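# Inside the fold
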Amino acid sequence: MIAHDHIYVNVLTERCTSLLFGALLPWFGKSVRTSKIMPIIISTNTTISGLTQYTDDVQVAPGVTLTILAGGVLDLGGYELLNYGTLTLAGSSSAFATMRSGKYSTDSTSGTLNSNFGRLEGVVVDGFFSDGSLNLDSTVVIGSLIDALARTRIDNSIFVNSPFDLGIENNLTVTRTTFKDSLVSSDAWPTFGNGTFGTFTQSNFISNGINIKLDPFFAGSHSVSFSNNYISSVRLI
């Protein structure tokens, strides 16, 4: 059983585009306000062990943990899950915990997604204005679109037909992960923060096309480190 409150909450956020540089200001203005209705609020710790499908947007409240157990499936039904708390995919070597068919967001929140023996299928992980964390261990990502979040750590996982965009994040570590027909891309934004933008170690990049694209977007610079990897092709635009 899934315990949640069916209440309507107006979530008003102000996103300050001062994080971006001057070239973007004519497009977005000095600030952007959005008002979003979240029909389903998960306000208590909740566990999913079977199939659960949402029929509207859902929000995990601050301080709340939503856990998908081994063999459990969370089907977002094409809707958005906005996470202010913690989403945990707690699978096992014999049965994955699955989230599928929808959008996962930590837009203007510090929500955390932890996946161990998890499966993301047909999921868009949106890194726009995220202050969230993404931790993938022994996780399978299929037919998805994944953005790095403010803090991203990926180990011993596989991406299949699932592009991975590094965004502007500067706390990214990828180890022992295979990207199969999954473009890894980085736009050269101006440097945000200090330290290495991202590191890829002991990973595989396999495709008949382009595996890694480093684009001089907005004339910034790349700071991505690759060591002890297998890379079949790289494109420097």
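As the structure is a computational prediction, the values presented were derived from the model and not from experiment. (Residues numbered from 1 in each chain as written. Predicted model: local features only at pLDDT ≥ 70, side-chain atom pairs only at ≥ 80, totals over all residues. Heavy atoms only, no water.)

### Brief notes about the overall build of the protein chain
Within the protein chain one finds one helix and 28 strands. Counting over 237 residues, the protein chain shows a buried share of 44%. Within the protein chain, contacts between residues separated by at least 24 positions form 42% of all contacts whose residues are at least 6 apart in sequence. Summed over its atoms, the accessible surface of the protein chain is roughly 10800 Å², and 52% of this surface lies on carbon and sulfur atoms. (Helix = DSSP H or I, 4+ residues; strand = E, 2+ residues; numbered from the N terminus. Buried < 20%, exposed > 50% of the residue type's maximum accessible area, 1.4 Å probe, protein only. Contact = heavy atoms within 4.5 Å. Areas by Shrake-Rupley, 256 points an atom, 1.4 Å probe, with all protein chains shown as cover.)

### Comments concerning the pairing of strand E23 (residues 198-201)
Here E23 shows a clear split, with Gly198 and Phe200 buried on one side and none of Thr199 and Thr201 buried on the other. Inspection of the sheet shows strand E20 (residues 172-175) paired to E23 by three bridges, in the parallel sense. Looking at the pairing, threonine 175 lines up with threonine 201 of E23. As paired strands, E23 and strand E26 (residues 224-227) are joined by four bridges and run parallel to one another. (Pairing = 2+ DSSP bridges.)

### Some thoughts on the pattern of salt bridges
Enumeration over the complete set of coordinates arrives at seven salt bridges. Among the salt bridges present, the one from arginine 100 reaches aspartate 75, with a minimum N-O distance of 3.0 Å. Placement of the pair is arginine 100 in strand E11 (residues 97-105) and aspartate 75 in strand E8 (residues 73-75), with a sequence separation of 25 residues. Exposure remark for aspartate 75: the relative accessible area of 8% places this residue in the buried category. Among the ionic pairs, arginine 176 bridges to aspartate 155, the shortest N-O distance being 2.6 Å. Pair noted here: arginine 176 is in the loop between E20 and strand E21 (178-180) and aspartate 155 is in strand E17 (residues 151-155), with a separation of 21 residues, a long-range link. (Salt bridge = Lys/Arg side-chain N within 4 Å of Asp/Glu carboxyl O.)

### Focus on the confidence of the model for the protein chain
The predicted model of the protein chain has a mean per-residue pLDDT of 81, with 74% of residues at 70 or higher. Under a pLDDT of 50 for its full length, residues 1-35 has, in the predicted model, 76 contacts with residues more than four places off or in other chains. (pLDDT = per-residue confidence, 0-100.)

### Re the sheet that holds strand E4 (residues 46-48)
Spatial strand order, E4-E7-E10-E12-E14-E17-E20-E23-E26: nine strands in an open sheet with parallel pairing. Unpaired on one side and paired on the other, E4 and E26 mark the two borders of the sheet. Direction aside, neighbouring strands of the sheet carry axes that sit 10° apart on average. Two strands pair when backbone bridges link them, and strand E12 (residues 112-116) and strand E14 (residues 133-137) are joined in this way by five bridges, in the parallel orientation. By the bridge assignment for E14, asparagine 114 is matched with asparagine 135. (Axes fitted to C-alpha atoms, helices over the stretch in contact; angles between N-to-C directions.)

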